[in-house]
Amino acid sequence: MPEVVIPIGPQHPALKEPVNFKVVADGEIIVRLELDVSYNHRGIEKAAEQRDFVRVVPLLERVCGICSHSHTTVFVKGIEEAMKLEIPRRAQYIRTIVAELERMHSHLLWLGVAAHEIGFNTLFMWTWRDRELVQDMLEELTGNRVNYGINEVGGVRRDLTPALVKASLDRLPYLAERIAKYTAMASKQRTMLLRFQGVGKLTEAEALKYGAVGPTARASGVDYDVRKDDPYLSYPDVPWKVVTDDHGDVFGRTLVRVGELVESTNIVRHCLENLPEGAIRIQPPRAAPKGEVLSRYEAPRGELVHFIRTNNTDKAERLDIRTPTLANWTSVAVSLVGQNLADIPVVVAAIDPCLSCTSRITIVDPEGAETGTMTWDELRAHGIRFYREREGI
Amino acid sequence: MAAEGARAARGGEACGGDRVKALTKDEVAKAFEGLGAVDQPRGNRIRLVTTVDRAREAIGRATTALRCDHLIQMSSADTGKAFDLVYQLTGPHRTVVSIAVEIPRDRPEVPSVADLLPPAGIYERGIHDLLGIVFVGHPGLKRIILNEDWPEGEYPLRKDWKPDPAKFYGGVREGVG
Amino acid sequence: MMTLSQRLVNWARLKSPWITIFNSGACNACDIEAIAALTPRFDVERFGILAKGSPRHADILVVTGPVTRKQALRLRNVYEQMPDPKYVIATGACGASGGVFKGLYHVVDSVDEVVPVDMFIAGCPPRPDEIIDGVVKCLALLKEDLAHGGKEWRRKARAPPAEAKPAEVTA
């Protein structure tokens, strides 16, 4: 397919979320980072106690619009575990296909965002354009581009026809080709290398000590991946590998995510080609027996955990969610100490935060006197300017 | 090189080393001897039930004798009668080791473990915001989840909490012009 | 009668509106679809619409999310920073009524409790093409308002005060 260069204006909106941090900085060097994540708190855990298993699923889907399938899957499989329900294999495969497609769309999104953070807007446009193919697949398979609504306790809600399977399989070769291109870019493109290498470095010991999860941890050689450690859905049936790297910096995290894109493409292909026959759901009982379940899932950003207590009713008595981004924040704060202000956008983006960003960053000098406030856009522009002056990129 | 050796010891197919074996209930019971009862709710989940004052000791043993190096979650719940706190840990053995304590409602205090497990720093702040459990010894139990206008002493995730119509919980006070 | 410079400004506003996206505590689905509208498949820039980070240069404020308590005041401030004439589009079910989050203890429950909203776009989330459609319809609104000299003509007239009822006479 011929390459098309897309003309882009110089400005693009900051992506996403209201995370507030206070940066204590000595000139350009960061001394400490303080965090406040209340912008996005809505009160979902409390609401989950008042909605039955049918009504709570659409709510949980919207904990996060990027990894919505992760939240619903980890919840319904937890409830199925509490109910000691064995769901049909075909349903497991369909859930796996959607889960890996979600991982692909999320990693492509991330690649675009990371590129945008360093001013490499062409890559942003390319990855998001290719991401649309994944969205098309998701839309055909589940009915929606985002918030797929495919899960329910007992199975999935929609089936795949042979025509759909074929249409999806036909898209995969092009995606694989594009992903191969991004893999090459990630390891050779000069701007990316300069802005990503050596930045936000976490050793393996630090990644473990500060509780990092997902690609952030795997880039430091920590090979935890819930799909292998606590297997669920159809992952045991499919040949695939955990992707790790030992650079430990943002460059490593890029390599891990691109590697995972390749693995996910293969998992989707395998599942589509080997879809077992049978039902897509079984009728669950209305109430779940009294119990306690720790349901774990490898979301695109890392390990997602739902702690669920059931009590013989049709509602969860307690739902305690720990998102991967919360697990990764401590490592961000740690890995930014001693780095430049200009590195903040890249390091924060590297954990792929899933909150909401209008990011207001307060800069405070070590004596505590406030020296300025910056918006995320200003910080990004500062980062791009800083490296342009220093390295001529 | 050290990193290579470390990864081989941790196991995992990616590097081709032998996987570290999963823990058995007996191994866990032996490591936690004297701290409380150990049970195994299902494969890959082994649980110790202990008391608030022995929690730190249990965590110490989990991170040393049982080689747990990853804090998955600090699960919390309000049972109505008391608060339950469960430290969920795992390690190269991939077994989830849970340490469950019950915290009395009239004195919701438990020693902080932020010094033993750094991620707990954030988790404890969140639990404090929502359930009002005090983590004694935490370096700074400031608000992290609720907005700055949220009144003191209101813990929304408690079973008996209802919003008080007389109080202001944050947001805008008057309507749109 | 509009001066030439006024007509020029109005033309520029219509031909190249700048929008700013404000996330008031959303799950991000609307934000991602709004940003997808900028990418080649949907390409909102062909309408001359540019997304700017700063509210001080924006004509249209696109708000996503159900407005958490933390963001409410910030949303109000962002709205006040925008120069007139300004328009607010509330996206999605959250923007209209709080969506699935309605009634939860940390949300204020819908954008129009915090800032006046000119347009709601339905969906959860609305597709990028639906968002573009909403913005284009908002531009049509902008054009009408410019012709009428502002937004005032759209405001509903206040109901006249109820007539005082004569006191009940009981025999």
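Attention in this report is confined to the structure presented alongside it. (Residues numbered from 1 in each chain as written. Chains lettered and ligands numbered in written order. Predicted model: local features only at pLDDT ≥ 70, side-chain atom pairs only at ≥ 80, totals over all residues. Heavy atoms only, no water.)

### Some remarks on the overall build of chain C
Across its full length, chain C carries 5 helices and 5 strands. Each helix (α) and strand (β) of chain C, taken in turn from the N terminus, gives the series α-β-α-β-β-α-β-α-β-α. For chain C, buried positions account for 50% of its 171 residues. Pairs at least 24 apart in sequence give 78% of the contacts found in chain C among residues at least 6 apart. Total accessible area on chain C is roughly 8400 Å²; 57% of this is exposed by carbon and sulfur atoms. (Helix = DSSP H or I, 4+ residues; strand = E, 2+ residues; numbered from the N terminus. Buried < 20%, exposed > 50% of the residue type's maximum accessible area, 1.4 Å probe, protein only. Contact = heavy atoms within 4.5 Å. Areas by Shrake-Rupley, 256 points an atom, 1.4 Å probe, with all protein chains shown as cover.)

### Looking at the overall build of chain A
Helix and strand content of chain A: 14 helices and 9 strands. When each of the 393 residues of chain A is scored for burial, the buried share is 69%. A fraction of 73% describes how many contacts in chain A between residues 6 or more apart in sequence connect residues 24 or more apart.

### Description of the side chain of Lys-86 of chain C
Residue and element names in this part refer to chain C. The topology assignment puts Lys-86 in the loop between α3 (69-81) and β4 (87-91). Of the side chains bearing the opposite charge, Asp-84 lies closest to the buried Lys-86, which forms no salt bridge; the N-O distance is 4.7 Å. Separated by 3.3 Å, the side chain of Lys-86 and the backbone oxygen of Met-82 make a polar contact. With near-sequence residues (within four places) excluded, Lys-86 lies in contact with Asp-59, Tyr-79, Glu-80, Asp-118 and Lys-151. (Lys, Arg positive; Asp, Glu negative; His and termini not counted. Salt bridge = Lys/Arg side-chain N within 4 Å of Asp/Glu carboxyl O. Polar contact = N/O pair within 3.5 Å; in protein donor to acceptor, adjacent residues only side chain to side chain.)

### Considerations on the packing of helix α5 (residues 121-142) of chain A against helix α2 (residues 29-36) of chain C
Axis separation between α5 of chain A and α2 of chain C bottoms out at 11 Å; the angle between their running directions is 115°. In terms of crossing hand, the pair formed by α5 of chain A and α2 of chain C is left-handed. Every residue of α2 of chain C that contacts α5 of chain A at Phe-124, Trp-128, Arg-131, Glu-132 and Gln-135 of chain A is listed here: Ile-32, Glu-33, Ile-35 and Ala-36 of chain C. Classifying every residue of the contact of α5 of chain A with α2 of chain C gives 5 nonpolar, 1 polar and 3 charged. (Axes fitted to C-alpha atoms, helices over the stretch in contact; angles between N-to-C directions. Left-handed = near helix turned anticlockwise from the far one by under 90°. Nonpolar A, V, L, I, M, F, W, Y, C, P; charged D, E, K, R; others polar.)

### Some details on the packing of helix α6 (residues 162-188) of chain A against helix α11 (residues 250-273) of chain A
Residues and elements named next belong to chain A. In contact at an axis separation of 10 Å, α6 and α11 are set at 165° when each is read in the N-to-C sense. Relative to α11, α6 is oriented roughly antiparallel. Handedness of the crossing formed by α6 with α11: left-handed. When α6 is examined against α11, the residues Val-165, Ser-168, Leu-169, Leu-172, Ala-176, Ile-179, Tyr-182, Thr-183, Ala-186 and Ser-187 are found in contact with a partner set consisting of Phe-251, Thr-254, Leu-255, Val-258, Leu-261, Val-262, Thr-265, Val-268, Arg-269, Leu-272 and Glu-273. (Parallel < 35°, antiparallel > 145°, perpendicular 65-115°, else oblique.)

### Quick notes on the pattern of salt bridges
Residue and element names in this part refer to chain A. Going through the model one piece at a time under the given rule, you end up with 50 salt bridges over all chains. Among the salt bridges present, the one from Arg-296 reaches Asp-230, with a minimum N-O distance of 2.9 Å. Here Arg-296, found in strand β5 (residues 291-299), pairs with Asp-230, found in the loop between α10 (226-229) and α11; they are 66 residues apart in sequence, far enough to count as distant. For Arg-296, a relative accessible area of 3% translates into the label buried. Close ionic contact of Lys-315 with Asp-314 constitutes a salt bridge, the shortest N to O distance being 3.5 Å. Residue classification places Lys-315 among the partly exposed positions, given a relative accessible area of 29%. Here the salt bridges share partners, and the residues they tie into one network are Glu-100, Arg-103, Arg-218, Asp-225, Arg-227, Glu-260 and Glu-298.

### What to know about the environment of Val-115 of chain C
With respect to the helices, strands and loops of the structure, Val-115 of chain C is situated in the loop between α4 (92-97) and β5 (119-121). With 37 residues separating them along the chain, Val-115 of chain C and Val-78 of chain C place their C-alpha atoms 9.8 Å apart.

### Observations concerning the packing of aromatic side chains
Residues and elements named next belong to chain A. Taken as a whole and assessed by the stated rule, the structure comprises 10 aromatic pairs over all chains. Here the aromatic rings of Tyr-235 and Trp-240 are separated by 5.9 Å at their centres, their planes lie at 65°, and the arrangement is edge-to-face. The burial state of Tyr-235 is the same as that of Trp-240; both residues are buried. An aromatic cluster is present here, built from Tyr-232, Tyr-235, Trp-240 and Tyr-297 joined pairwise through their rings. Above the ring of Trp-128, the side-chain terminus of Arg-131 is found at 4.9 Å from the ring centroid. (Phe/Tyr/Trp six-rings, centres within 6.5 Å; stacked < 30°, edge-to-face > 60°. Lys NZ or Arg CZ within 6 Å of the ring centre and 35° of its normal.)

### Observations concerning the sheet that holds strand β6 (residues 302-310) of chain A
All names here are of chain A. Pairing in this open sheet of 3 strands is antiparallel, and the strands run β5-β6-β7 from one edge to the other. If you trace the sheet from one side to the other, it starts and ends with β5 and β7 (316-322), each paired once. The mean angle between the axes of side-by-side strands here comes to 15°, regardless of whether they run parallel or antiparallel. Where β5 meets β6, 9 bridges bridge the pair, whose relative direction is antiparallel. Counted as the bridge partner of Val-293 is Ile-308 from β6. Along the sheet, helix α12 (residues 324-336) contacts β5, β6 and β7; its crossing angle with β6, the most-contacted strand, is approximately 130°. (Pairing = 2+ DSSP bridges.)

### What about the pairing of β4 of chain C?
Residue and element names in this part refer to chain C. Counted residue by residue, β4 has 5 buried out of 5 residues, so it is predominantly covered. In β4, alternate side chains face the same way, and those of Tyr-87, Ile-89 and Thr-91 on one face and Val-88 and Ala-90 on the other are all buried. Judged from the 4 bridges that link them, strand β3 (residues 60-64) and β4 form a sheet pairing that is parallel. Residue pairing in the sheet places Val-63 in a bridge with Ala-90 of β4. For the segment spanning β3, α3 and β4, crossover handedness is right-handed. The sheet contact formed by β4 and β5 spans 3 bridges and is parallel. For Ala-90, the partnering residue across the bridge sits in β5 and is Phe-120. Between the parallel elements β4 and β5, the chain passes through α4 in a crossover that is right-handed. (Right-handed = clockwise from strand over helix to strand, strands pointing away.)

### Brief notes about the state of the cysteines
Residues and elements named next belong to chain A. As enumerated under the stated definition, the model contains 0 disulfides over all chains in all. Of all cysteine sulfurs, the one in Cys-64 lies closest to Cys-67, which takes part in no disulfide; the gap is 3.2 Å. When its relative accessible area of 6% is taken as the criterion, Cys-67 is described as buried. (Disulfide = S-S within 2.5 Å.)

### Observations regarding the interface of chain C and chain B
On the side of chain B, 16 residues touch chain C, which itself brings 13 residues to the contact. Summed over both partners, the interface of chain C with chain B buries about 1100 Å², with 61% contributed by carbon and sulfur atoms. The three residues of chain C that bury the most area against chain B are Arg-69, Arg-76 and Tyr-105 of chain C, which together make up 49% of that side's buried surface. The interface formed by chain C and chain B includes 1 salt bridge. Taken together, the links from chain C to chain B amount to 4 residue pairs in polar contact (both at pLDDT 80 or more). The class makeup of the residues in the side of chain C that touches chain B is 7 nonpolar, 1 polar and 5 charged. (Buried area = accessible area lost by both parts, 1.4 Å probe.)

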